Every structure is written in structure tokens, then in C-alpha cells.
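# Structure assessment
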Amino acid sequence: MTDPLAQLLELSRDLGQPWRELAILGEGNTSCRVDDETFLVKASGSSLRTLAEADITRCRLAPLLELMNREDEGETDEEVACTLLACRVEESARKPSTETAFHAWLLTLPGVEFVAHTHPVSVNGILCSPRAQVFAKMRMFPDEIVCCGRQSVLVPYTDPGVPLARRIRREVIAFQEKHGCVPRTVLLENHGLIALGRTPAAALATTLMCDKAAKIFSAASALGGPQFLPSDEVQRIDGREDEAYRQRALGLE
């Protein structure tokens, strides 16, 4: 059986390569499910590029999901910090990322075993502009559909931490109800990208394809605007058996 820790380390370091321009310094975070009760997540303040075993913390899902389900939603920063420390399986482990709550919830979705959150220069250039919604909803080329899905979830800017986790949950549930599937990509306005996958290869492929799509979107915008695929073509590509075969071959399914 493949070691989840080794897989998460490899994925994180791939995402953190400086030449990819996906994350620098302490930006971004990654996670993976271990079992029905626990998961691994990048520790706060660590770097994806140089992530080591000591920079990954094993956490319990239940305390974080319970925090997200609080009805008053008025917890203080100190209460959140205490929950982040309390959810650690090993008390000596480092404090998990501030964004651990949304990792915990996303890892409960069907088929999601790895979560990769990055701040790509290309994608954030769009998410910090008035064109974010168009980029999330429209598709320009077949491989974008295969790797990123027929649409992305777009989350309005929300304070990072538990408020953001709750807003992500709300928007992803709305997407599931509308499209009948789990999204591959979640775009956070003025913040970054979340890629969801069954395997680390899937999370990486989705991240890289979204980065490519953002570059094409920006280039096309400078030449009169992107020419989007018609919705019927997007649906056809999304449902084609040969494309499904490619998704399985790439570890996307």
C-alpha cells in the first residue's frame, strides 16, 4: 500500500517548485485522508517547496467538523487556535495550517483523497479582477474540461480560517446540487485555487491545467477576449467515454 505521507510530501514539493509560480514562502497548503477519522495536513508556516515529515501534522476530522457546525458561528481567533491544537493526533506535532478546517470538510466528499491549495500567479491575476466569474464558469479547450471539470466553484472573498471553510462548504454543496457531482476546482476570489483529487497525480494535474487555462485566458483577453466553447460541446466532452478513459489514465477518476 502506498504511504499517504510520502505521497503528500511529493505532491507538496512538486507544487512548491519556484519555477511553477504556484506558491512561494509559506503560501498554500496540502492534505490527504488517512482513514475515516484522521488526515494529514501541512503545518502552519512551513513551505511547500521544502516540506519535510516534521512539517506535516496528523489531525482528527471530528473536532474541525464540529467547529464548522457551530450554530452561533461567533468563535474567537483564540478558540479556533485551541481547536487546531486539540485536533492533533500527536500533541508534540506542529500546529496545523489556519485553513485546516476546509481541508477537513473537503476530504469528506466522495472521491476526494487529496486537496491541494495554491496561490498561482496566473490564476490569482484573474481572481483579483472583475473576470473571475467568467473564468470559473466558462471553458476554452477540451483538456481544461477533462482536468478542471465543466465548471469551477467560485467563492467570494471570505476571511481565511473557519469563515472561509463554511463559505466553501456552502458553495460546493450548491454546486453538487446543481451539477450532481463533486467539483474538481474551487476558486477563491482574491486568494487562490483549490484542486481536489482521488490521487496526488490528480490534484497536481488539475492544478497545472488550471494554471495553463489562466495563462490562455489572460493571453486571449489581450487579443480581443477568449473564445469559449459552447455549452453543448462542454457537456459532450465532459461525458465522452474516451475522455473518461483519459481521466482514469491520468488518475483523475
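Everything quoted here is computed from the prediction, not taken from an experiment.

Looking now at the pattern of salt bridges. Enumeration according to the criterion identifies 7 salt bridges in this entry. Among the ionic pairs, R58 bridges to D35, the shortest N-O distance being 3.1 Å. Highlighted residues: R58 in strand 3 (residues 56-60) and D35 in the loop between strand 1 (29-33) and strand 2 (38-42), separated in sequence by 23 residues. By relative accessible area, which is 30% here, D35 ends up partly exposed. The partner of R167 in a salt bridge is E171, and the shortest N-O contact between them spans 2.8 Å.

Disulfides are covalent bonds that connect the sulfur atoms of two cysteines. The tally for this structure, following the rule as stated, stands at 0 disulfides. C128 takes part in no disulfide bond, and the closest cysteine sulfur to it belongs to C210, at a distance of 14 Å. In this structure C181 is not part of a disulfide, and its nearest cysteine sulfur, from C148, lies 13 Å away.

Where like charges cluster on the molecular surface, the negative patch consists of D77, E78, E79 and D159. Summarising the element assignment, E79 is placed in helix 3 (residues 77-86). The exposure class of E79 is partly exposed, given its relative accessible area of 36%.

Looking along a regular strand, one sees the side chains alternate between the two faces of the sheet. Burial of strand 7 (residues 192-197) is extensive: 6 of the 6 residues sit out of reach of the surface. Residue alternation in strand 7 divides its side chains into two sets, G192, I194 and L196 and L193, A195 and G197, and both sets are buried. As defined by bridge partners, strand 4 (residues 114-118) adjoins strand 7 across 5 bridges and the pair is classed as antiparallel. In the strand pairing of strand 7, V115 is matched with L196. Pairing of strand 6 (residues 185-188) with strand 7 involves 4 bridges; the strand directions are antiparallel. In the strand pairing of strand 7, L187 is matched with L193. Adjacent in sequence and paired antiparallel, strand 6 and strand 7 are bridged by 3 residues, among which N190 carries a positive phi angle near 55°.

Two elements in contact, helix 1 (residues 4-15) and helix 9 (residues 200-221), have axes separated by 10 Å at closest approach and are oriented at 15°. As summarised for this structure, helix 1 and helix 9 are arranged roughly parallel, according to the angle between their axes. Viewed along their axes, helix 1 and helix 9 form a crossing whose handedness is right-handed. Taken together, the residues of helix 9 that come into contact with helix 1 (itself represented by Q7, L11, D14 and L15) are P200, A203, L204 and T207. Partitioning the contact of helix 1 with helix 9 into residue classes produces 5 nonpolar, 2 polar and 1 charged.

Now for the packing of aromatic side chains. The tally for this structure, following the rule as stated, stands at 2 aromatic pairs. On the basis of an interplanar angle of 75° and a centroid distance of 5.4 Å, the ring pair of F135 and F217 is categorised as edge-to-face. You can see F135 sitting in helix 6 (residues 132-137) and its partner F217 sitting in helix 9, a full 82 residues away along the chain. Taking the centre distance of 6.3 Å and the plane angle of 40° together, the rings of F217 and F228 count as tilted. You can see F217 sitting in helix 9 and its partner F228 sitting in the loop between helix 9 and helix 10 (231-239), a full 11 residues away along the chain. Residue F217 is classed as buried on the basis of its relative accessible area of 3%. Connected via pairs of aromatic rings, a cluster forms that spans F135, F217 and F228.

So, about the sheet that holds strand 4. Taken in spatial order, the 7 strands make up an open sheet running 3-2-1-4-7-6-5, and their pairing is mixed. With one partner strand each, in any of the chains shown, strand 3 and strand 5 (153-155) form the two edges of the open sheet. Taken over all neighbouring pairs, the strand axes of this sheet differ in orientation by 20° on average, direction set aside. Where strand 5 and strand 6 come together, 3 bridges link them in parallel fashion. Looking across to strand 6, one finds that L154 is bridged to L187. Most of the contacts of helix 9 go to strand 7, to which it runs at about 145°, and overall it touches strand 4, strand 6 and strand 7.

So, on to the environment of L229. Positionally, L229 belongs in the loop between helix 9 and helix 10. Taking the C-alpha atoms as reference, L229 lies 32 Å from T108; in sequence the two are 121 residues apart. In this view, L229 contacts R139, M140, F141, P142, I145, V234 and I237; residues no more than four positions away in its chain are not counted.

Rules used in this analysis
- Residues numbered from 1 in each chain as written.
- Predicted model: local features only at pLDDT ≥ 70, side-chain atom pairs only at ≥ 80, totals over all residues.
- Heavy atoms only, no water.
- Salt bridge = Lys/Arg side-chain N within 4 Å of Asp/Glu carboxyl O.
- Helix = DSSP H or I, 4+ residues; strand = E, 2+ residues; numbered from the N terminus.
- Buried < 20%, exposed > 50% of the residue type's maximum accessible area, 1.4 Å probe, protein only.
- Disulfide = S-S within 2.5 Å.
- Patch = residues over 30% accessible without salt bridge, like charges linked within 9 Å, V, L, I, M, F, W, Y side chains within 5 Å.
- Areas by Shrake-Rupley, 256 points an atom, 1.4 Å probe, with all protein chains shown as cover.
- Lys, Arg positive; Asp, Glu negative; His and termini not counted.
- Charge placed at Lys NZ, Arg CZ, Asp CG, Glu CD.
- Pairing = 2+ DSSP bridges.
- Axes fitted to C-alpha atoms, helices over the stretch in contact; angles between N-to-C directions.
- Parallel < 35°, antiparallel > 145°, perpendicular 65-115°, else oblique.
- Left-handed = near helix turned anticlockwise from the far one by under 90°.
- Contact = heavy atoms within 4.5 Å.
- Nonpolar A, V, L, I, M, F, W, Y, C, P; charged D, E, K, R; others polar.
- Phe/Tyr/Trp six-rings, centres within 6.5 Å; stacked < 30°, edge-to-face > 60°.

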